[in-house]
Amino acid sequence: MKLLAGLLLLISFSASANTIESIYKSDSILHPLLKAEIAEVLTAEYSCINAYGLHEVKTEVVVDEVDQGIVDYYYTTTFSATYTYDFHPNNTTVVVRSAKYAGSNPTIKWTDIESIEGHILCD
């Protein structure tokens, strides 16, 4: 009985295991606001991604110095994703293009997820 209770507890914790700490590398160069936003979108849009099944492979950044010290950052982040479709485990690559724009007005959202490219089949 204790084993069954332990398994149920473990399953309940692992259902939402794709967190910022488990998804991203400890030395990730992705902006913290984008980390949270991308994690939320990917786990909501692709609910069939396995617990602990989403991992950052690499992030590349392009710095765009617009004018007079204004700097925008454009990120391309590649993830490996393990998901289950029709009771079969699958692996794929997901590429997310995002941006962090320069700005200080707190009423404006200065981040953007420009695109998500990947082939994940969910029920």
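Note that this is a predicted model, so its numbers are computed, not measured.

1. With respect to the environment of Lys-25
Note that Lys-25 resides in the loop between helix 2 (20-23) and helix 3 (32-45). In this structure Lys-25 comes out as partly exposed when scored by relative accessible area, which is 39%. Residues in contact with Lys-25, not counting those within four places in the same chain, are Glu-56, Val-57 and Lys-58.

2. Comments concerning the state of the cysteines
Within this structure, the stated rule accounts for one disulfide. The partner cysteine of Cys-48 in its disulfide is Cys-122, sulfur to sulfur 2.0 Å. Its torsion about the S-S bond being -65°, the disulfide of Cys-48 and Cys-122 is classed as left-handed. Placement of the pair is Cys-48 in the loop between helix 3 and strand 1 (49-67) and Cys-122 in the segment after strand 4 (111-117), with a sequence separation of 74 residues. Using a relative accessible area of 12% as the deciding quantity, one classes Cys-48 as buried. Owing to a relative accessible area of 26%, Cys-122 belongs among the partly exposed residues under this scheme.

3. Focus on the sheet that holds strand 1
Spatially, four strands are ordered 1-2-3-4 in an open sheet, and the strand pairing comes out antiparallel. Pairing within the sheet leaves two strands with one partner each, and these edge strands are strand 1 and strand 4. With strand direction ignored, the average angle separating the axes of adjacent strands in the sheet is 20°. Examined bridge by bridge, strand 3 (residues 88-100) and strand 4 share six bridges and lie antiparallel to one another. Considered in strand 4, the bridge of Ser-98 is made with Ile-113. Docked against the sheet, helix 3 engages strand 1, strand 2 (70-85), strand 3 and strand 4, running at close to 40° with respect to strand 4.

4. A word on the confidence of the model for the protein
Parts of the prediction with low pLDDT should not have their coordinates interpreted in detail. In the predicted model, the protein carries a mean pLDDT of 87, and the fraction of residues at 70 or more is 86%. Across residues 1-14, where pLDDT falls below 50, the model places one contact with residues more than four positions away in sequence or in other chains.

What counts and what doesn't
Residues numbered from 1 in each chain as written. Predicted model: local features only at pLDDT ≥ 70, side-chain atom pairs only at ≥ 80, totals over all residues. Heavy atoms only, no water. Helix = DSSP H or I, 4+ residues; strand = E, 2+ residues; numbered from the N terminus. Buried < 20%, exposed > 50% of the residue type's maximum accessible area, 1.4 Å probe, protein only. Contact = heavy atoms within 4.5 Å. Disulfide = S-S within 2.5 Å. Pairing = 2+ DSSP bridges. Axes fitted to C-alpha atoms, helices over the stretch in contact; angles between N-to-C directions. pLDDT = per-residue confidence, 0-100.

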